[in-house]
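Residues per chain, in single letters:
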Amino acid sequence: MIRIERHFIERVRAAAAPTDLHDLLQRAIQLEHSTIPPYLTAMFSLAEGKNRRIAELIRSIVVEEMLHMCIASNILIAIGGRPAINRPDFIPVYPGPLPMSIGGKDFTVGIRAFSKDLVARVFMKIEEPEHPIPVQEAGLAAVPTYGTIGEFYAALKEKLKELVATSGKTIFVVGPDQQVLSWFPGAELFPIVDLTSADAGIDLIVEQGEGTATNPFDAPGEPAHYYRFGEIVHGREIVATDTGYAWAGAPVPFDETGVFPLKPDCKIADFAPGTQAHERILAFATGYSSLLNVLHTAFNGRPDAINDAMGVMYNLKVTATRLMTTPVGDGRGLTVGPSFEYVRAS
């Protein structure tokens, strides 16, 4: 699971009241969101009709990251906080570090087209379990000054339990009518009303991300994120063997010709106003900003607004496809990649 600066874990443990957890849960929401733009870009860069299995695997991870973002938001809402989603600093600056200095200050994440190297070097490091299960090649050495997001969520569970025990009253003060509960099955996205439901939501986030200490699967036939990315890198699905686990299942083929040649880390300012490239990258950034606006509304008193996000997301995919077929125009044969800059509505 994602490595973070340990002082955030210590801040959770030092919390004296539910309000002390508000900023930390906001950071958890930002953390869960921060992986979506690079994962989405890799998925969008796969040309329609090619590398379908890889696109399916990445999409399944993106959907679960959105679920985790919803769960963290609902926990914050339940204890009296308000997620802040539609503001410029909610989105990391790419390329750069992810929230809470994930992976160390030297670990940067950009917005790039799909490649196996990107998945192995960046995506698998983001999703690295605290205790990777050996599957041919797995695991990165722990850095002593860092904890993991798994530890962060474990500390959050303990702190919520402590606050319930010491407060003499419930700390879950905002009910399901203010929480986002659609889009996902009820077994995955459910009301946060007490310690039991909060614990269940946190457990789901951790298990989908890293599996368990003894099993790389978070559900039958569904590997955790790290191992799904491993399937892409190794070109084979993970399967149980007599001695453990191996990348020896069904093929996960990769066709190098099925990837748009994106210019990495594009920004709106890279392209002159009035050009097709500028118009299309601005349209993408505006569409993504609109999605954040809808999500902010949904998590701040209008949960039914989440239904509007489906149309926004569909339009965003159409915009991305148009963008990624637009030449940069510098003679290198590159096309325009997406920019996840926040654009305020005019």
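Summary of the structure given here.

Cut-offs used in this document
- Residues numbered from 1 in each chain as written.
- Predicted model: local features only at pLDDT ≥ 70, side-chain atom pairs only at ≥ 80, totals over all residues.
- Heavy atoms only, no water.
- Salt bridge = Lys/Arg side-chain N within 4 Å of Asp/Glu carboxyl O.
- Helix = DSSP H or I, 4+ residues; strand = E, 2+ residues; numbered from the N terminus.
- Buried < 20%, exposed > 50% of the residue type's maximum accessible area, 1.4 Å probe, protein only.
- Phe/Tyr/Trp six-rings, centres within 6.5 Å; stacked < 30°, edge-to-face > 60°.
- Contact = heavy atoms within 4.5 Å.
- Core = buried A, V, L, I, M, F, W, Y, C linked by side-chain atoms within 4.5 Å.
- Axes fitted to C-alpha atoms, helices over the stretch in contact; angles between N-to-C directions.
- Parallel < 35°, antiparallel > 145°, perpendicular 65-115°, else oblique.
- Left-handed = near helix turned anticlockwise from the far one by under 90°.

1. Comments concerning the pattern of salt bridges
- If you walk through the whole model with that rule in mind, you get 17 salt bridges.
- The partner of R27 in a salt bridge is D23, and the shortest N-O contact between them spans 3.0 Å. In this pair, R27 and D23 both sit in helix α2 (residues 22-34), 4 residues apart, roughly one turn of the helix.
- Given a relative accessible area of 34%, D23 falls into the partly exposed group.

2. Details of the packing of aromatic side chains
- Under the defined criterion, the tally for this structure stands at 10 aromatic pairs.
- With a centroid separation of 5.1 Å and an interplanar angle of 65°, the aromatic rings of F114 and F254 are classed as edge-to-face. A residue pair is termed long-range when its members are at least 10 positions apart, and F114 in the loop between α4 (52-78) and α5 (116-126) and F254 in the loop between β6 (244-251) and α9 (276-298) qualify at 140 residues.
- The class of F114 is buried, set by a relative accessible area of 4%.
- We classify F254 as partly exposed; its relative accessible area is 27%.
- Here the aromatic cluster, defined as three or more aromatic residues joined through ring pairs, consists of Y39, F123 and F229.

3. Here we look at α5
- What α5 keeps buried is the set L118, V119, V122, F123, M124 and I126.
- Of the surrounding secondary structure, the elements contacted by the buried residues of α5 are α3 (36-44) and α8 (225-234).

4. Focus: the nonpolar core
- Grouped together as the largest cluster of nonpolar side chains are 114 residues, with contacts concentrated most on L21, I58, F152 and Y153.
- Top contributing element to this core by residue count: α4, with 15 residues.
- With residues up to four places along the chain from it excluded, the contact list for L21 reads V12, A15, I79, L156, K159, L160 and L163.

5. A short note on unusual backbone geometry
- Along the chain, Y94 connects to P95 via a cis peptide bond; the corresponding omega equals 0°.
- For P95, the position within the fold is in the loop between α4 and α5.
- Unusually for a residue other than glycine, W183 sits at a positive phi of about 85°.
- Mapped onto the fold, W183 is located in the loop between α6 (149-167) and α7 (195-210).
- The partly exposed category is assigned to W183, whose relative accessible area is 27%.

6. Digging into the packing of helix α1 (residues 6-14) against α2
- With their axes 10 Å apart at the nearest point, α1 and α2 run at an angle of 140° to one another. Judged by the inter-axis angle, α1 sits oblique to α2. For the pair α1 and α2, the crossing hand works out as left-handed. Of α2, the residues touching α1 (which contributes F8, R11 and V12) are D23, L24 and R27.

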